[in-house]
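For reference, the chains in residue letters:
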Amino acid sequence: MHRNKVVSREDWFQAHKGHLAREKELTRLRERVAAERRELPWLKLRKDYVFETEQGPKKLAELFANRSQLIVYHFVFAPGSTHHCESCAFVADHIDGANRHLRHHDVSLVTISRAPLAELLPYKQRMGWTFDWVSSYASDFNFDMQVSFTDKQIASGEAVYNFETPVLTSKDLPGTTVFYKGETGDIFLTFMSRARGSEQFIGAYQYLDIAPKGRDETGPYGTFMDWVRLHDEYGNRSQQDDIYP
């Protein structure tokens, strides 16, 4: 680890006071971007999606649960898959705490995957999550929201993800999508965030970013994919074992 300069109390105070101006600048910029986000145009949905839930089939409007705002986290879980996406689980580990407050502030938060519900629920129970996790298996929802892609789209290079047409090798990718339901029942797509956009919902990173070693992602990929595991798979392995499994 790099050893920072050790200084007197007065020099320490002045250096940190000077840095505080940058922290405040970042806070103000974040607030401006959030305000601009809320002013973006909306898209009215024309299709009536149906999802498989623990309470039976539900339409998209019902996922709002009598609230006007709905946030959907697209958890990567394809039908028949035995792979558990560590990055999606990392995000999911932060949902329940926030959800205890969101549901009291006119926001419903639901996780949606393509796999049938029968494949999702055992994993949900294993991980101890309580948020609503529903399946879009029988609908075009994931494809219309540009987080799932057909073989034809991938082969042709026409798959759109994060407003671009990147070279894709996966048929499913993560993301967050936001909807609003008006008084007449119309549903609008108000915002979508893809790729690293979901990173803002990972509270653990906010703690790491103020720690002396930061995110300390020093493995071969230099990302969370080097060290993050499902929270019940860390065990007693050392950090070195986690980075180089």
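Residues numbered from 1 in each chain as written. Predicted model: local features only at pLDDT ≥ 70, side-chain atom pairs only at ≥ 80, totals over all residues. Heavy atoms only, no water.

Comments concerning the side chain of N99
- As for its placement among the helices and strands, N99 is situated in helix α4 (residues 95–102).
- You can call N99 buried: its relative accessible area is 6%.
- Once residues within four sequence positions are removed from consideration, N99 is found in contact with L109 and F131. (Helix = DSSP H or I, 4+ residues; strand = E, 2+ residues; numbered from the N terminus. Buried < 20%, exposed > 50% of the residue type's maximum accessible area, 1.4 Å probe, protein only. Contact = heavy atoms within 4.5 Å.)

Regarding helix α5 (residues 117–127)
- Among the residues of α5, L117, L120, Y123, K124 and M127 are the ones counted as buried. The buried residues of α5 occupy an angular sector of 130° when projected down its axis, which confines them to one face. Exposed residues on α5 whose side chains face more than 90 degrees from its buried face are A118 and Q125.
- On its buried face, α5 is in contact with β2 (50–53), α3 (86–92), β5 (107–113) and β6 (132–135). (Arc of directions from axis to C-beta.)

What to know about unusual backbone geometry
- Here Q146, not a glycine, exhibits a phi torsion of approximately 60°, which is positive.
- By secondary structure assignment, the location of Q146 is in the loop between α6 (141–144) and α7 (151–156).
- Non-glycine residue A195 carries a positive phi angle of around 55°.
- Taking relative accessible area as the criterion, A195 reaches 41% and is therefore assigned partly exposed.

Some details on the layout of surface pockets
- Its boundaries defined by the atoms lining it, the largest pocket holds a volume of some 1200 Å³.
- Forming the boundary of the largest pocket are 31 residues, of which R37, I71, V178, Q200 and F201 lie nearest the centre.
- At the level of elements, α1 (9–38), β4 (69–74), α4, β5, β7 (175–181) and β8 (187–194) are the ones that each hand at least two residues to the lining of the largest pocket.
- A per-element tally of the lining of the largest pocket places α1 first, with seven residues.
- In terms of lining residues, the second largest pocket is bounded by 23 residues, among which S87, P174, A195, F224 and M225 are the most central.
- Element by element, the count of residues in the lining of the second largest pocket is highest for α3, at four residues.
- The residue makeup of the lining of the second largest pocket, split by class, is 14 nonpolar, six polar and three charged. (1 Å grid on protein atoms, 1.4 Å probe; cavity = no way out; pocket = protein on both sides within 12 Å on 5 of 7 lines; lining within 4 Å. Points joined across faces, edges and corners; volume = space filled by probe spheres on them. Nonpolar A, V, L, I, M, F, W, Y, C, P; charged D, E, K, R; others polar.)

Considerations on the pattern of salt bridges
- Enumeration according to the criterion identifies 14 salt bridges in this entry.
- Note that R196 is salt-bridged to E199, the shortest N-O span being 3.0 Å. (Salt bridge = Lys/Arg side-chain N within 4 Å of Asp/Glu carboxyl O.)

Some remarks on the packing of aromatic side chains
- Inspection of the entire model under this criterion finds 19 aromatic pairs.
- Measuring from centroid to centroid gives 6.2 Å for F75 and Y123, while their planes differ by 80°, and the two rings are edge-to-face. Here Y123 lies in helix α5 and F75 lies in the loop between β4 and α3, a separation of 48 residues in the sequence.
- Given a relative accessible area of 3%, Y123 falls into the buried group.
- Ring geometry for F90 and Y205: centres 5.6 Å apart, planes at 75°, overall edge-to-face. In this pair, F90 is assigned in helix α3 and Y205 in helix α8 (residues 203–208), connecting sequence segments 115 residues apart. (Phe/Tyr/Trp six-rings, centres within 6.5 Å; stacked < 30°, edge-to-face > 60°.)

What about the state of the cysteines?
- Under the defined criterion, the tally for this structure stands at zero disulfides.
- No disulfide involves C85; its sulfur sits 3.1 Å from that of C88, the nearest cysteine.
- Given the relative accessible area of 10%, C85 is considered buried.
- Overall, the relative accessible area of 0% leaves C88 in the buried class. (Disulfide = S-S within 2.5 Å.)

Section: the nonpolar core
- F75, F77, Y123, W129 and W133 are the most contacted members of the largest nonpolar core, which has 24 residues in total.
- Mapped onto this core, the elements with two or more residues apiece are α3 and α5.
- Top element by residues in this core is α3. It accounts for five residues.
- Once you skip the residues sitting within four places of it in the chain, Y123 turns out to touch F75, F77, H84, A89, W129, W133 and L230.
- Counting 18 residues, the second largest nonpolar core, distinct from the first, contains L45, L70, V72 and V110. (Core = buried A, V, L, I, M, F, W, Y, C linked by side-chain atoms within 4.5 Å.)

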